[in-house]
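Close look at the chain arrangement
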Amino acid sequence: MNALRKQASRLGEQAILKDFEEFRATDVVRALANFYAAQLQLCSKRVSASDFAVRMIHAHMIASGFKPRSHILNRLMDLYCKSSNLAYARHLFDEIPEPDIVARTTFVTAYSALGELKLAREVFNRTPLRVRDTVCYNAMITGCAHNSDGNAAIELFSDMKRHDFRPDNYTYTSMLAGLSLIAEHESDCQQLHCEIVKSGTGFVTSVVNALISVYVRCASSPYVTSSLLMDAARKLFDEMPLKDELSWTTIITGYIKNDDLYGASQVFDGMNEKLVVAWNAMISGYTHKGVVPKALEMSRKMHSLGIKFDEFTYTSILCACATAKLFSVGKQVHAYMIRTVTNPSRDFLYSVNNSLITLYWKCGKTDDARKIFDKMPVRDIVSWNTILSAYVDGARIEEARSFFNEMPEKSPLAWSVMISGFAQNGSGEEGLKLFNQMRSNECQPCDYAFAGAIISCAVLASLDHGRQLHAQLIQSGFESSLSASNSLITMYARCGVLQDSQDVFNSMPYLDSVSWNAMIAAFGQHGHGAWAVDLFERMLKEGIVPDRITFLTILTSCSHSGLVEEGRRYFNSMYESYGITPGEDHFGRLIDLLCRAGKFSEATTVIEKMPFDPGAPIWEALLGGCRIHGNIELGVQAAEKLFELIPHHDGTYILLSNMYANVGKWADVSRVRNLMRVRGVKKEPACSWIEVDSMVHVFLVDDTNHPEVWAVYEYLEELVFEMRKLGYVPDTKFVLHDMENEQKEYALSTHSEKLAVAFGLLKLPSGAMIRVFKNLRICGDCHNAFKFMSQVVGRRLL
């Protein structure tokens, strides 16, 4: 019996010892769990999670044999995600047989933050409906909104409600952020507004801010009346029980984005606390609207109130100075910033230095802009693009090319700037070469690059290449691009296909002032002044406010078509109706209009009353009119002024010489030409070109260099023989040299445009239109000859 008792006692002790060991093991595990949780908590409190620290803790867990439960695993995966080590995090995630909703939501958030919306959606879709919760839906909706997929955000919200998940404040805020990306009609705003009121979240500041943002963004849609939606946004704002900084800035920037500076200033003036963001928004708004004095006045007031400028303030002020070319003011701001700003942040250095480069460049100080660039302690892609734009804008294209080649990273914008730069400086062939190089470097062209390439085709008058680019533009999905479509209008017009210009213009979903200007210019180039005037009047009825370029194009159109009354009226309306002060270029167009119509007395009166001394464009317009009407006396006066202003410009000498030749003053012709030789002025040779089989063939006057030119001369003789049968007589008055009549007829037959047309007739198939382009104005005899030539061959010439 005693033995049995002793054995039972020993068995009891073993059980107790076993329980104690189990308790002790549990206690150790708990202690380890608490230790690792505390370490991970320390990592999460840091500004940026250290990948090394997280991996070290993870390695210690593995070495100690500790098997973490879900809450520690979730914290570990979250820290890996935040330290940009998604591969480690995903490895852990994939080893969990049944990840909980916290783990899944962590990955939805992480993938969304990296822009990997497809992967985030994959994790979300694999999450069973029974496991999902509101937070998981919120993460996915937020991801869609932040990655510009507004439709998906709305669909997820609908799916969430359909499966009886209860949306919270975060849900509505994220969903509204998605809606703001796609809302185009007033009903889009109103439906969700009603939903929010019913949900009871209409008093939550973050939700109302998001709803105001939806109204504000939708107000810029072409399908709504912006003032009505802004009124709705303002009503929401006024009724808010609690307004925060975002509330004020959202409504103020909303008014500014919808071109209502008065509404923005009303809200701004009602602020009790003057927030820096609101001040910056107002200064930026005035700057972008061109109200520079008001922008500078606000910045001075801001300074007097002791509100500290930040990088956005400086950027807006410098932008205002650059816009108005107020170099001295901008330099003062630069000096003040150097004196007062200490230890600027990286973001400050980026934005402000880039604005300084723009200021110096826009004010014609490209070399100083480059000095700022060279001294920048840090540079971003904007810095490189800005200084590149400075060289291109200053027509320093070779320096721009060299700088472009040095760029460490060539963004699509840099390629586009360079391509457009070549086109704007008359190097269309270089522009197209660079466009092809961009594609060969596997850099996908954006619509701006296409626009530059299309303008290059316009410079070269390469219609076939332009049509190919048009097709590629459509294939790339850029057919609705404003910049590309505007370039197409110009390209087709310069290539002589006016109908195609009209087709592009009429098919555009949205038109801006550049579109209207391009189409008005196209009509003017083709001599359809009345059509240009009709389009200008239609533009005004559409509510498009004309700018200074618009007036240049309409005045040019009126000038080429002899519409004197219309031209006068439009010139006078510039300042009277639109507050645009006419520049020298506008006065030049007016003088050209009057002189072409022979109204020299009125033209000289206009010149005398100009608010500034007339420059070369004014005297060139006057000389051109005198050339047309044979006003020798006034023409000589204009030429003398031009000799003083631009003594090496060949056009002045040629026009004056031609005027003398028209009236047979050969001694004066000889005197002018001798003056050219003495001054070393050379006449630009007339040339014409035609595109055949994707090659451009160039012909000079009296050409002997083209490999097939003798066949062209022979064919041209045959054509002239047939043309004479129809009544063609060479008009020798267009030969401005003192020679025999027979020699004059021969000289007319060797004009470059006649050679190019004859070459086209020889080489192009019978159904093809002959399109010839010329660097100088076509002479009257060639214009007349082409009418007869067209009848002889039965083909259209352009």
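Residues numbered from 1 in each chain as written. Predicted model: local features only at pLDDT ≥ 70, side-chain atom pairs only at ≥ 80, totals over all residues. Heavy atoms only, no water.

**Here's the deal with the overall build of the chain**
Along the backbone of the chain there are 42 helices and three strands. Against the globule reference of 28 Å for 798 residues, the chain gives a C-alpha radius of gyration of 37 Å, more extended than a compact globule. Split into buried and exposed, the 798 residues of the chain put 46% on the buried side. Long-range pairs, those at least 24 residues apart, make up 62% of the contacts in the chain between residues at least 6 apart in sequence. Carbon and sulfur atoms make up 53% of the accessible area of the chain, which amounts to about 41,300 Å² in all. One way to put it: in the chain the 82 positive side-chain charges average out to a point 5 Å from where the 90 negative ones average out. (Helix = DSSP H or I, 4+ residues; strand = E, 2+ residues; numbered from the N terminus. Rg over C-alpha atoms; globule rule 2.2 N^0.38 Å. Buried < 20%, exposed > 50% of the residue type's maximum accessible area, 1.4 Å probe, protein only. Contact = heavy atoms within 4.5 Å. Areas by Shrake-Rupley, 256 points an atom, 1.4 Å probe, with all protein chains shown as cover. Lys, Arg positive; Asp, Glu negative; His and termini not counted. Charge placed at Lys NZ, Arg CZ, Asp CG, Glu CD.)

**Things to note about the packing of helix H31 (residues 548-561) against helix H32 (residues 564-578)**
The relative placement of two packed helices is expressed as an angle between their axes plus a distance between the axes. Where H31 meets H32, the closest approach of the two axes is 8 Å, and the angle between their N-to-C directions is 165°. The orientation of H31 with respect to H32, classified from their angle, is roughly antiparallel. With respect to the hand of their crossing, H31 and H32 are arranged in left-handed fashion. Contact residues: H31 offers Phe551, Ile554, Leu555 and Cys558, while H32 offers Glu566, Gly567, Tyr570, Phe571, Ser573, Met574 and Tyr578. Looking at the contact of H31 with H32, its residues break down into eight nonpolar, two polar and one charged. (Axes fitted to C-alpha atoms, helices over the stretch in contact; angles between N-to-C directions. Parallel < 35°, antiparallel > 145°, perpendicular 65-115°, else oblique. Left-handed = near helix turned anticlockwise from the far one by under 90°. Nonpolar A, V, L, I, M, F, W, Y, C, P; charged D, E, K, R; others polar.)

**Let's talk about a nonpolar patch on the surface**
On the surface, a cluster of nonpolar side chains totalling about 220 Å² of accessible area is made up of Val696, Val698 and Leu700. Mapped onto the elements of the fold, valine 696 is located in strand E2 (residues 695-700). (Patch = residues over 30% accessible without salt bridge, like charges linked within 9 Å, V, L, I, M, F, W, Y side chains within 5 Å. Salt bridge = Lys/Arg side-chain N within 4 Å of Asp/Glu carboxyl O.)

**Considerations on the pattern of salt bridges**
All told, the structure shown has 24 salt bridges when counted by the stated rule. With a closest N to O distance of 2.7 Å, aspartate 500 and arginine 467 form a salt bridge. In this pair, aspartate 500 sits in helix H28 (residues 498-507) while arginine 467 sits in helix H26 (residues 463-475), placing the two residues 33 residues apart along the sequence. Arginine 467 sits in the partly exposed class, given a relative accessible area of 34%. Between arginine 548 and aspartate 585 there is a salt bridge whose closest N-O contact spans 3.0 Å. Of this pair, arginine 548 sits in helix H31 while aspartate 585 sits in helix H33 (residues 584-596), and the two are 37 residues apart along the sequence.

**Remarks on the nonpolar core**
Of all hydrophobic cores here, the largest spans 212 residues; its most connected members are Leu176, Ile252 and Leu622. Here this core gets nine residues from one element, more than from any other, and that element is helix H11 (residues 205-218). (Core = buried A, V, L, I, M, F, W, Y, C linked by side-chain atoms within 4.5 Å.)

**Concerning the packing of helix H30 (residues 529-541) against H32**
At a closest axis distance of 14 Å, the pairing of H30 and H32 adopts a crossing angle of 15°. In terms of orientation, H30 and H32 fall into the roughly parallel class. As H30 runs across H32, the sense of the crossing is left-handed. Residues Val533, Phe536, Glu537 and Leu540 of H30 form the contact with H32, whose own contacting residues are Arg569, Tyr570 and Tyr578. Residue composition of the contact of H30 with H32, grouped by class: five nonpolar, no polar and two charged.

**Concerning the environment of threonine 704**
Residue position: threonine 704 is located in the loop between E2 and helix H39 (709-725). Apart from residues lying up to four places away in sequence, threonine 704 is in contact with Val709 and Trp710.

**Examining the environment of serine 485**
Tracing the backbone shows serine 485 in helix H27 (residues 482-494). Assessed through its relative accessible area of 3%, serine 485 is described here as buried. Serine 485 sits 30 residues away from serine 515 along the chain, and the two C-alpha atoms are 7.9 Å apart. Those residues in contact with serine 485 that lie beyond four places of it in its chain are Glu479, Val504 and Met508.

**A look at the sheet that holds strand E1 (residues 687-692)**
What the three strands build is an open sheet, ordered E2-E1-E3; its pairing is antiparallel. This sheet does not close on itself; its edge strands, each paired only once, are E2 and strand E3 (773-774). As paired strands, E1 and E2 are joined by six bridges and run antiparallel to one another. Bridge pairing links cysteine 687 to leucine 700 in E2. (Pairing = 2+ DSSP bridges.)

**Quick notes on the pairing of E1**
Burial of E1 is extensive: six of the six residues sit out of reach of the surface. Neither face of E1 is left uncovered, since the one carrying Cys687, Trp689 and Glu691 and the one carrying Ser688, Ile690 and Val692 both have all their residues buried. Counted between consecutive antiparallel strands, the loop separating E1 from E2 contains two residues, among which aspartate 693 sits at a positive phi close to 50°. For E1 and E3, the ladder comprises two bridges, and the chain directions are antiparallel. Among the inter-strand pairings, serine 688 is bridged to a residue of E3, identified as lysine 774.

**Quick look at the packing of aromatic side chains**
Under the counting rule described, the total for this entry stands at 27 aromatic pairs. Ring centres of tryptophan 710 and tyrosine 713 lie 5.4 Å apart, and the angle between their planes is 45°; on these two criteria the pair is classed as tilted. Of this pair, tryptophan 710 and tyrosine 713 are both found in helix H39, three residues apart, which corresponds to roughly one turn of the helix. Overall, the relative accessible area of 13% leaves tyrosine 713 in the buried class. In this arrangement the basic side chain of lysine 362 is found over the ring face of tryptophan 361, its NZ or CZ atom lying 4.6 Å from the centre. (Phe/Tyr/Trp six-rings, centres within 6.5 Å; stacked < 30°, edge-to-face > 60°. Lys NZ or Arg CZ within 6 Å of the ring centre and 35° of its normal.)

**A closer look at the side chain of serine 355**
With respect to the helices, strands and loops of the structure, serine 355 is situated in helix H19 (residues 346-362). Looking at serine 355, its side chain comes within polar contact range of the main-chain oxygen of serine 351, at 3.0 Å. When neighbours within four sequence positions are excluded, serine 355 is seen to be in contact with Thr315 and Leu318. (Polar contact = N/O pair within 3.5 Å; in protein donor to acceptor, adjacent residues only side chain to side chain.)

**Here's the deal with helix H3 (residues 70-82)**
The first and last C-alpha atoms of H3 sit 18 Å apart over 13 residues, in line with the 18 Å expected at 1.5 Å per residue. Within the span of H3, buried status applies to Ile72, Leu73, Asn74, Leu76, Met77, Leu79, Tyr80 and Cys81. Serine 84 sits one or two positions beyond H3 and adopts a positive phi of about 60°. (Expected span 1.5 Å × (residues − 1).)

**Quick notes on helix H22 (residues 397-406)**
When we look at burial in H22, the residues that qualify are Ile397, Ala400, Phe403 and Phe404. Each buried residue of H22 lies within a common arc of 115° when the element is viewed along its axis, so the set occupies one face. Facing away from the buried side of H22, by more than 90 degrees, are the exposed residues Glu398 and Asn405. In the core, the buried residues of H22 are packed alongside helix H20 (366-375), helix H21 (381-393), helix H23 (412-424) and helix H24 (428-440). (Arc of directions from axis to C-beta.)

**Overview of unusual backbone geometry**
Its identity is not glycine, yet aspartate 164 carries a phi of approximately 65°, on the positive side. Structurally, the position occupied by aspartate 164 is in the loop between helix H8 (150-162) and helix H9 (169-182). On the basis of relative accessibility, which here comes to 72%, the residue aspartate 164 falls in the exposed class.

**Side note on the state of the cysteines**
Inspection of the entire model under this criterion finds zero disulfides. As a non-bridged cysteine, cysteine 446 has cysteine 443 as the owner of its nearest cysteine sulfur, 7.9 Å distant. Cysteine cysteine 558 shares no disulfide, and the gap to the nearest cysteine sulfur, in cysteine 595, comes to 16 Å. (Disulfide = S-S within 2.5 Å.)

**As for the confidence of the model for the chain**
Mean pLDDT for the chain: 85, with 91% of residues reaching 70 or above. The element-level mean pLDDT for the chain is lowest in helix H1 (residues 2-45), coming to 55, with H30 highest at 95. (pLDDT = per-residue confidence, 0-100.)

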